[in-house]
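This is what each chain is made of:
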Amino acid sequence: PSPRAGCPGTGSAQAGRGASCQGCPNQRLCASGAGAAPDPAIEEIKEKLKTVKHKILVLSGKGGVGKSTLSAHLAHGLAEDGNTQVALLDIDICGPSIPKMMGLEGEQVHQSGSGWSPVFLEDNLGVMSVGFLLSSPDDAVIWRGLKKNGMIKQFLRDVDWGEVDYLIVDTPPGTSDEHLSAVQYLAAARIDGAVIVTTPQEVSLQDVRKEINFCRKVKLPVIGVVENMSVFVCPKCKKESQIFPPTTGGAELMCQDLKIPLLGKVPLDPHIGKSCDKGQSFLMEAPDSPAAVAYRGIIQKIQEFCGLHQPQPEHLSTS
């Protein structure tokens, strides 16, 4: 469930204790950060992720806007530099699409003495998803919040990523249990920020505004917004058409109003969907296409943000 009206936010001393918290499914989780005994996993996760330099959440208010597609291609793009170690974690528990998009369906997770080993697409690109734990891609994951939270905790605490430059976390749509869990479990390990994905029409932007408010409530920095399916560029005549008209100004005007960066606009390109269905990188399949150029511009801006706003690990920070 989304934060209720009057929600004090997870960083408040009243988190999980206020009148508006009564009956909220997240009450106990929020209260753990507000004076109650903290979950020991938070410290364990901090220790486990000391070898991960940058942690980026990919969020969307609404489903179907291309969030997992962006997560996959952000990982592909960063990993094109063979010296950059990239990890992609899929915490969309009920709709894990990353295994399909990365061409890793049917792969299994293996355990070692240091924890779960990610599935490696390349030597410098490791992937983890609940999809690897299912016997069939068609299996439904029918879990309540507590079990989802436990799975996310296990992914963050038990996966042995090794030395990693970027951890990309693909989340489900909305502002629910999975998002609260990820933010709270990663709080001590320091998150660089969130990339929020939308499409141009108001029905999508409305939910993105909620997502931005969620980030502000939980003190999660917003790296910026990506507008997917911005325009359609005809592959023959190169004419641009608006498939999803930006009736209220699209992501550009919203970002201006909310004073957050617009990272880029990705045009609608049927080849992106085809590449994802085949489990291939669109950046490799069509490197000179307008969409690939837009992806690379977005990736560069995220790299620049991480370089400028590199969070100091707690044990290295100075007073």
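Since the structure is predicted, the reported quantities are computational estimates derived from the model, not experimental observations.

**Here we look at the state of the cysteines**
At step 1: One pass over the full model with this rule turns up zero disulfides.
At step 2: Considering cysteine sulfurs only, cysteine 255 is the nearest to cysteine 215, which forms no disulfide, with 12 Å between them.
At step 3: In this structure cysteine 255 comes out as buried when scored by relative accessible area, which is 3%.

**Remarks on the packing of aromatic side chains**
At step 1: Counted by the stated rule, this structure contains two aromatic pairs.
At step 2: Their ring planes at 70° and their centres at 5.8 Å tell us that tryptophan 116 and phenylalanine 155 sit as a pair that is edge-to-face. On the criterion of sequence distance, the pair formed by tryptophan 116 in strand S4 (residues 115-117) and phenylalanine 155 in helix H5 (residues 145-158) is long-range, its members being 39 residues apart.
At step 3: Of the residues examined, tryptophan 116 reaches a relative accessible area of 9% and is grouped as buried.

**Things to note about the side chain of serine 68**
At step 1: Turning to its location among the elements, serine 68 is positioned in helix H3 (residues 67-79).
At step 2: Once residues within four sequence positions are removed from consideration, serine 68 is found in contact with Ser97, Ile98, Met101 and Asp170.

**Digging into the pattern of salt bridges**
At step 1: Applying the stated criterion to the full structure yields 15 salt bridges.
At step 2: Here aspartate 39 ties to lysine 153 by a salt bridge, and the two come within 3.1 Å at their closest N and O atoms. Here the residue aspartate 39 occupies a position in the loop between helix H1 (27-31) and helix H2 (40-48), and lysine 153 occupies one in helix H5, the gap between them amounting to 114 residues.
At step 3: Where arginine 296 meets glutamate 80, a salt bridge forms, and the shortest distance between an N and an O atom there is 2.7 Å. Of this pair, arginine 296 sits in helix H11 (residues 290-308) while glutamate 80 sits in the loop between H3 and strand S2 (86-90), and the two are 216 residues apart along the sequence.

**Let's talk about the confidence of the model for the protein**
At step 1: Considering every residue of the protein, the mean pLDDT works out to 89; 92% of them sit at 70 or more.
At step 2: In the predicted structure, residues 312-319 sits below a pLDDT of 50 and forms five contacts with residues beyond four places in sequence or in another chain.

**Considerations on the nonpolar core**
At step 1: In terms of nonpolar packing, the biggest core is built from 90 residues, with Leu57, Leu89, Met128, Phe155, Trp161, Leu220 and Ile302 touching the most fellow members.
At step 2: Sort the elements by how many residues they give to this core and H11 lands first, with nine residues.
At step 3: Ignoring sequence-local partners within four residues, the contact set of leucine 220 consists of Leu57, Leu59, Val183, Ile191, Gly193, Ala194 and Cys215.

Rules used throughout
Residues numbered from 1 in each chain as written. Predicted model: local features only at pLDDT ≥ 70, side-chain atom pairs only at ≥ 80, totals over all residues. Heavy atoms only, no water. Disulfide = S-S within 2.5 Å. Buried < 20%, exposed > 50% of the residue type's maximum accessible area, 1.4 Å probe, protein only. Phe/Tyr/Trp six-rings, centres within 6.5 Å; stacked < 30°, edge-to-face > 60°. Helix = DSSP H or I, 4+ residues; strand = E, 2+ residues; numbered from the N terminus. Contact = heavy atoms within 4.5 Å. Salt bridge = Lys/Arg side-chain N within 4 Å of Asp/Glu carboxyl O. pLDDT = per-residue confidence, 0-100. Core = buried A, V, L, I, M, F, W, Y, C linked by side-chain atoms within 4.5 Å.

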